[in-house]
Amino acid sequence: MLDKVKLYLKAGDGGDGHVGWRREKYEPKGGPHGGDGGRGGSIYLVATSGLNSLIDYRFKTKFKAKSGMNGMNNLKSGSDGDDLILKVPVGTIVRQVGSDGVLYDFKEDGESFEIVKGGRGGRGNWHFRTSTRQAPTFMEPGQKGEEAEILLELKLIADVGFVGFPNVGKSSLLSMLSSAKPKIANYHFTTLEPNLGVVFIDEGESFVIADIPGIIEGASEGVGLGLQFLKHVERVKLICHVLDVSGSEDRDPLEDYYTLRREMETYAKRLVDKPELIVLNKSDLLSDDELEKRASEIRDRTECEVIAVSAATGWQLEKLKYKLYNKIKELPEVELEEEFVELVQETNPVKVWKEDDIYYITGDKVEYYFRGTDFDEPDSIRRFESFLDREGIYKELKNLGIKDGDTVDVFGFQFEHIE
């Protein structure tokens, strides 16, 4: 079961506005007529109950939405970029790489979350006409789409979690109570990944059981398979300890119960505060008197509600089904005990420096104005120069000792500085 992946996502960039002119038969001196760029496509995560792992992202981990098209003449706007939909299982938690907070927690089928937003399309030169500037020779570039590196972590959402040592009959109980068909065999670690089963009570009434495998002594420290599955216990309302009351493998059911609780507490203390029910399986291997004696001892020592059943014969399974259903109806939904945060977009501030007799200028703002400038048009150049002066970039260049004829590099394009 793949339940944790890292993805790189890039929303589409907005298309650039267009520098165009009205050219009609009887309008030889038509004004600006450049259209707007299209919006870049966004990326959405959508939860679906049709998935139970993140296996779809095992090999493909980079996704990019389409960018918007550039604007055209005659006020024609560029088309928008298509949005990209990525499906995830219900129970998926989204984090940003480098942050401990949660961006989103998918709890229901069909939930949608816009993880990175497409860039806004730039405006054409038609928008920049004024009474004193009737022929603007510049446009607005499209906004860059957001990008993010995220972690998807699946924590199964179930009402009841079956926990217990290997070979105590968790999978057998799940198969008898629900329509799930887990792999069952008489050896340890038959179950190598969590299984979910829906238990139907009546029309419109049901609940979900998760069979949590691999929890043994030392699981919280990485022994066996338990560490990777303990996190799935965090989402359940009710923990159901499945114990082999017969001791058929020379195990003490009481000691197994205490061991399981220690492992859960070591992993996350809140797990042992969850409501509990103890299910004594393999009851058919004991006489009535011996079963009653062991059940009473476990009940007294643990102070938990106990029910004896047999997955092999079906004894008391109907009673167990309704007992579980009535218990979870009284329990509240489980909320994540983690901080929810907003996606952080890193910005590149304006930076001016000198290296090998070349003066470099970078930064998101610089790129924005640079991309919107036509260096063959004086009006467009004046707008860019006004920006450099307003941002104090010219002043910083002078502080670095720039002289007439020196080379200035802006995003790989080099110019000769003129005083």
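Placed above this text is the structure.
All of the points below concern the structure found in this document. (Residues numbered from 1 in each chain as written. Predicted model: local features only at pLDDT ≥ 70, side-chain atom pairs only at ≥ 80, totals over all residues. Heavy atoms only, no water.)

**Some details on the environment of Val236**
With respect to the element layout, Val236 can be found in the loop between helix 2 (227-230) and strand 12 (238-244). A C-alpha to C-alpha distance of 9.5 Å links Val236 and Leu271, two positions 35 residues apart in sequence. Beyond its immediate stretch of four places on either side in the chain, Val236 contacts Ala158, Asp159, Val160, Gly161, Lys274 and Val334. (Helix = DSSP H or I, 4+ residues; strand = E, 2+ residues; numbered from the N terminus. Contact = heavy atoms within 4.5 Å.)

**Brief notes about the sheet that holds strand 2 (residues 43-48)**
Pairing in this open sheet of three strands is mixed, and the strands run 4-2-7 from one edge to the other. Each edge of the open sheet is held by one strand with a lone partner, namely strand 4 (84-89) and strand 7 (112-116). Strand-to-strand twist in this sheet, taken as the mean axis angle between neighbours without regard to direction, amounts to 30 degrees. Sheet topology places strand 2 next to strand 7; four bridges connect them, and they run antiparallel. Note on strand 7: the bridge partner recorded for Ile43 is Val116. (Pairing = 2+ DSSP bridges. Axes fitted to C-alpha atoms, helices over the stretch in contact; angles between N-to-C directions.)

**Here we look at a nonpolar patch on the surface**
A cluster of nonpolar side chains, Phe375, Phe411, Phe413 and Phe415, forms an exposed patch at the surface whose accessible area comes to about 350 Å². Accessibility expressed as a relative area gives 31% for Phe375, which makes it partly exposed. (Patch = residues over 30% accessible without salt bridge, like charges linked within 9 Å, V, L, I, M, F, W, Y side chains within 5 Å. Areas by Shrake-Rupley, 256 points an atom, 1.4 Å probe, with all protein chains shown as cover. Salt bridge = Lys/Arg side-chain N within 4 Å of Asp/Glu carboxyl O. Buried < 20%, exposed > 50% of the residue type's maximum accessible area, 1.4 Å probe, protein only.)

**Let's talk about the packing of helix 3 (residues 253-267) against helix 4 (residues 288-302)**
As a packed pair, helix 3 and helix 4 sit with axes 10 Å apart at the nearest point and diverge in direction by 30 degrees. On the basis of their axis angle, the class for helix 3 and helix 4 is roughly parallel. As for the relative orientation of helix 3 and helix 4, their crossing is right-handed in sense. Judged by residue contacts, Pro253, Leu254, Tyr257 and Tyr258 of helix 3 engage Glu297, Ile298, Arg301 and Thr302 from helix 4. Considering only residue class, the contact of helix 3 with helix 4 consists of five nonpolar, one polar and two charged. (Parallel < 35°, antiparallel > 145°, perpendicular 65-115°, else oblique. Left-handed = near helix turned anticlockwise from the far one by under 90°. Nonpolar A, V, L, I, M, F, W, Y, C, P; charged D, E, K, R; others polar.)

**Observations regarding the packing of aromatic side chains**
Scanning the model with the defined rule gives 17 aromatic pairs in all. An angle of 55 degrees between the planes, with centres 4.7 Å apart, marks the rings of Tyr104 and Phe106 as tilted. When the centroid spacing of 5.1 Å and the interplanar angle of 35 degrees are considered together, the rings of Phe375 and Phe415 count as tilted. Here the residue Phe375 occupies a position in the loop between helix 6 (364-371) and helix 7 (378-390), and Phe415 occupies one in strand 18 (residues 413-416), the gap between them amounting to 40 residues. The side chain of Lys60 reaches across the aromatic face of Phe63, ending 4.9 Å from its centre. Over the ring of Trp126 we find Arg129; its NZ or CZ atom is 4.0 Å from the centre of that ring. (Phe/Tyr/Trp six-rings, centres within 6.5 Å; stacked < 30°, edge-to-face > 60°. Lys NZ or Arg CZ within 6 Å of the ring centre and 35° of its normal.)

**A short note on helix 7**
One turn of an α-helix holds 3.6 residues; hence residues three or four places apart share an orientation. An ideal rise of 1.5 Å per residue puts 18 Å on 13 residues; helix 7 measures up with 18 Å between its terminal C-alpha atoms. Inspection of helix 7 places Asp379, Ser380, Phe384, Phe387 and Leu388 among the buried residues, and these make up the whole buried set. Taken together, the buried residues of helix 7 touch helix 6 and helix 8 (393-399). At the exit of helix 7 stands Gly392, carrying a positive phi of roughly 75 degrees. (Expected span 1.5 Å × (residues − 1).)

**Looking at the pairing of strand 16 (residues 358-362)**
Looking down a regular strand, the side chains alternate between one sheet face and the other. By the bridge criterion, five bridges tie strand 15 (residues 351-355) to strand 16 in an arrangement that is antiparallel. Its bridge partner being in strand 16, Val352 is matched across the sheet by Ile361. By the bridge criterion, four bridges tie strand 16 to strand 17 (residues 407-410) in an arrangement that is parallel. Of the residues in strand 17, the one forming a bridge with Tyr359 is Val408.

**Remarks on the sheet that holds strand 3 (residues 62-64)**
Across the sheet, which stays open at both edges, the five strands sit in the order 3-1-8-5-6 with mixed pairing between neighbours. Each of the sheet's edge strands pairs with one partner strand only, and the pair in question is strand 3 and strand 6 (104-105). As paired elements, strand 1 (residues 4-10) and strand 8 (residues 147-154) share seven bridges and run antiparallel to each other. Counterpart to Val5 in the pairing with strand 8 is Leu152.

**Things to note about the environment of Val198**
Examined against the element boundaries, Val198 turns out to sit in strand 10 (residues 195-202). Judged by relative accessible area, Val198 falls into the partly exposed class, the value being 33%. A sequence separation of 93 residues divides Val198 from Asp105, and the C-alpha atoms of the two residues are 22 Å apart.

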